[in-house]
2 protein chains.
Amino acid sequence: MPRLMFSVDEDEAARFGPPILQACRAAGVEAEPCGPDHPPEQVDYVVLSPAGPVRDFSRFTRLSAALSLWAGVERLVGNRTLAAPLCRMVDPGLTEGMTEYVAGHALRYHLGLDAVLAAQDGDWRPELVPPLARERPVGVLGLGALGAACAAALSRLGFRVCGWSRRPRKIDGIDCRHGEVGLGEVLRRAEILVTLLPETPATENLLDATRLALLPPGARLINPGRGTLIDDEALLAALDTGALAHATLDVFRNEPLPPGHRFWSHPRITVTPHIAAATRPATAAPVIAENIRRAEAGLELLHLVDRDAGY
Amino acid sequence: MPRLMFSVDEDEAARFGPPILQACRAAGVEAEPCGPDHPPEQVDYVVLSPAGPVRDFSRFTRLSAALSLWAGVERLVGNRTLAAPLCRMVDPGLTEGMTEYVAGHALRYHLGLDAVLAAQDGDWRPELVPPLARERPVGVLGLGALGAACAAALSRLGFRVCGWSRRPRKIDGIDCRHGEVGLGEVLRRAEILVTLLPETPATENLLDATRLALLPPGARLINPGRGTLIDDEALLAALDTGALAHATLDVFRNEPLPPGHRFWSHPRITVTPHIAAATRPATAAPVIAENIRRAEAGLELLHLVDRDAGY
């Protein structure tokens with residue numbers, strides 16, 4: 001019977017532990033759960049999050065796989081003591097939640113909802129009629145599982161979607177660009193920009209002052225990707241001049257975002273508390289269970305992390 | 001060079017005038033715009049709305065066509081001084097605009113955007129994570145062109161959509177109900193209800209106190225259909241008790257909604273100024289231009305009004 005350790009925080013253990021064990025049973029694998037104090041040499045699988053207690057995995061000599069509860073694995077990739085195959089979470093619920101967040105905030109910007117909600121003073125303003133989505137160019141940086149799903153959903157809503165990835169991609173209905181030249185092309189047209197790139201050395205501060213200046217005047221930004229993708233000071237400067245009209249930020253260099261941070265009080269920023277891509281137990285547990293089943297059967301693991309690429 | 005008069009209000013003239021002249025040029029017709037004070041005997045075409053200044057068209061002896069900016073022509077049909085061929089607006093953007101409005105406000109309710117926008121005080125609240133759309137039942141009353149398009153868009157976003165129409169309908173991915181029993185079934189499950197029924201004697205006050213009471217506690221309502229569909233007093237009562245959590249209303253018994261109306265100041269109501277299904281310059285201008293091109297070429301006009309039928 002394979003031994004399964006949870007190196008996650010208390011809240012995660014309570015929310016994810018029982019559904020994962022249940023999903024394993026449903027997948028035909030009877031796993032024995034063990035706590036973080038169990039002898040590491042006996043552990044076959046570890047379900048982990050960056051907030052978990054185990055930091056040194058050098059004594060986990062028997063590990064068949066390390067299964068991340070989260071999509072972002074940059075802190076786990078950097079852990080040199082973790083040599084076992086590492087799988088990131090690709091939660092069908094996560095993609096749905098992200099798509100709903102991005103579609104909702106894109107439509108909020110597109111429809112001018114903030115202005116509509118503020119216009120409750122008795123003054124009838126027909127000029128609040130928005131353009132059509134087909135007239136609204138939207139850029140999506142990052143065309144992985146999440147970025148591609150969001151780009152497709154925005155396209156189905158009628159938006160003119162231009163996507164960008166490091167390497168060439170082809171997605172039906174999306175105008176896909178790549179490389180440095182392609183990035184400029186996407187930024188120059190994106191009235192709404194969605195950033196869904198992974199955190200890697202190549203994406204750190206990708207949106208610096210120079211690249212933010214390529215966006216059309218009054219562009220809006222939605223960042224549910226990673227806090228490091230955007231140069232914070234350059235973002236604040238672009239918002240202060242009005243070059244950028246508004247930003248909705250779900251991820252930050254330090255989370256929780258400290259109470260005194262300028263983002264909270266900036267009139268052109270909406271802070272959301274890392275809720276766009278919450279892993280949800282009901283949809284994530286079967287993904288973990290399926291990978292344990294595969295490993296036990298000697299099959300290829302799903303969502304294996306390429307440690308060189310960093311994701 | 002044909003002379004084109006705009007008998008529309010000032011706001012309409014500013015928004016529609018330039019795109020219409022540009023669309024005429026694109027259609028190969030150079031039209032000369034003229035104001036409402038121009039000698040009427042010289043005018044070839046009039047673009048008109050019920051709010052326009054010209055009411056007596058008896059001296060417009062040269063008119064090739066009268067082109068309405070709006071789909072509803074009931075007030076123009078009644079004008080006995082207007083003898084020229086009258087065309088109503090059939091704007092392909094209307095369904096798109098409606099769909100975007102409904103999707104945006106449904107996602108606003110689903111994601112709890114109003115609470116998110118209010119939570120900018122430095123307090124990190126992970127409990128703002130919404131459920132998934134697949135867990136959110138949405139009801140759509142009315143499955144005509146607009147209702148069916150909105151139901152389909154909501155279904156593509158992941159919502160569990162239940163639709164209702166007077167007569168049986170079948171739409172892929174939508175749980176369709178009909179008749180009085182079906183109405184109760186839809187209302188009982190709809191956490192978000194969208195009303196897109198036409199105005200008829202049978203739909204007047206369809207949502208009265210009894211039917212509103214069938215909605216789940218804390219339901220939200222979006223009415224971009226007709227102001228007469230809902231009993232105003234019953235709606236206010238349901239909002240006051242909190243049985244209904246919120247309503248977004250785009251249409252009213254009297255428009256513009258008078259400045260002192262309770263809807264404007266109610267904390268659980270968002271008023272939008274009949275913008276969900278507005279005629280939009282970008283999609284409407286080519287329709288006007290195409291009819292001018294046709295008239296100039298001696299071809300049949302599009303969307304010609306049958307004055308006996310009234311539309």
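What you see is a predicted model, and the numbers here were worked out from it, not measured in a lab.

K.L.:
Provide a residue-level description of the packing of aromatic side chains, including the pertinent values.
P.N.:
This structure, assessed with the given rule, holds seven aromatic pairs over all chains. Ring centres 5.8 Å apart and planes at 75° place the aromatic pair F252 of chain A and W124 of chain B in the edge-to-face group. Pair noted here: F252 of chain A is in the loop between β11 (244–249) and α9 (262–265) and W124 of chain B is in the loop between α4 (113–118) and β6 (137–141), and the two residues belong to different chains. The class of F252 of chain A is buried, set by a relative accessible area of 7%. Where F57 of chain B meets F60 of chain B, the ring centres are 5.3 Å apart and the plane angle is 55°; that geometry is what we call tilted. Residue F57 of chain B is classed as buried on the basis of its relative accessible area of 4%. Residue F60 of chain B is classed as buried on the basis of its relative accessible area, which comes to 10%.

K.L.:
Go over the pairing of strand β6 (residues 137–141) of chain A, please, and point to the residues and values.
P.N.:
Residue and element names in this part refer to chain A. Among the five residues of β6, five are classified as buried, and the element is accordingly described as predominantly covered. Of the two faces of β6, the one holding P137, G139 and L141 and the one holding V138 and V140 are both buried throughout. Where β6 meets strand β7 (residues 160–165), five bridges bridge the pair, whose relative direction is parallel. Bridging across to β7, P137 finds its partner in R160. Between β6 and its parallel partner β7, the chain crosses via helix α5 (residues 145–156), and the hand of that crossover is right-handed. Pairing geometry for β6 and strand β9 (residues 192–195), over four bridges, is parallel. Bridge pairing in β9 places G139 opposite L193.

K.L.:
Describe the sheet that holds β11 of chain A, and please don't skip the residues or the numbers.
P.N.:
All names here are of chain A. Taken in spatial order, the seven strands line up as β8-β7-β6-β9-β10-β11-β12 in an open sheet, and their pairing is parallel. Edge positions in the sheet fall to β8 (175–178) and β12 (269–271), since each of these pairs with one other strand and no more. This sheet shows a mean twist of 15° between the axes of neighbouring strands, independent of strand direction. Alignment of strand β10 (residues 219–223) against β11, held across five bridges, turns out to be parallel. Bridging from a neighbouring strand, L221 pairs with A247 of β11. Helix α8 (residues 232–241) rests against β10, β11 and β12 of the sheet, and its axis sits at about 135° to β11.

What counts, and where the lines are drawn
Residues numbered from 1 in each chain as written. Chains lettered and ligands numbered in written order. Predicted model: local features only at pLDDT ≥ 70, side-chain atom pairs only at ≥ 80, totals over all residues. Heavy atoms only, no water. Phe/Tyr/Trp six-rings, centres within 6.5 Å; stacked < 30°, edge-to-face > 60°. Helix = DSSP H or I, 4+ residues; strand = E, 2+ residues; numbered from the N terminus. Buried < 20%, exposed > 50% of the residue type's maximum accessible area, 1.4 Å probe, protein only. Pairing = 2+ DSSP bridges. Right-handed = clockwise from strand over helix to strand, strands pointing away. Axes fitted to C-alpha atoms, helices over the stretch in contact; angles between N-to-C directions. Contact = heavy atoms within 4.5 Å.

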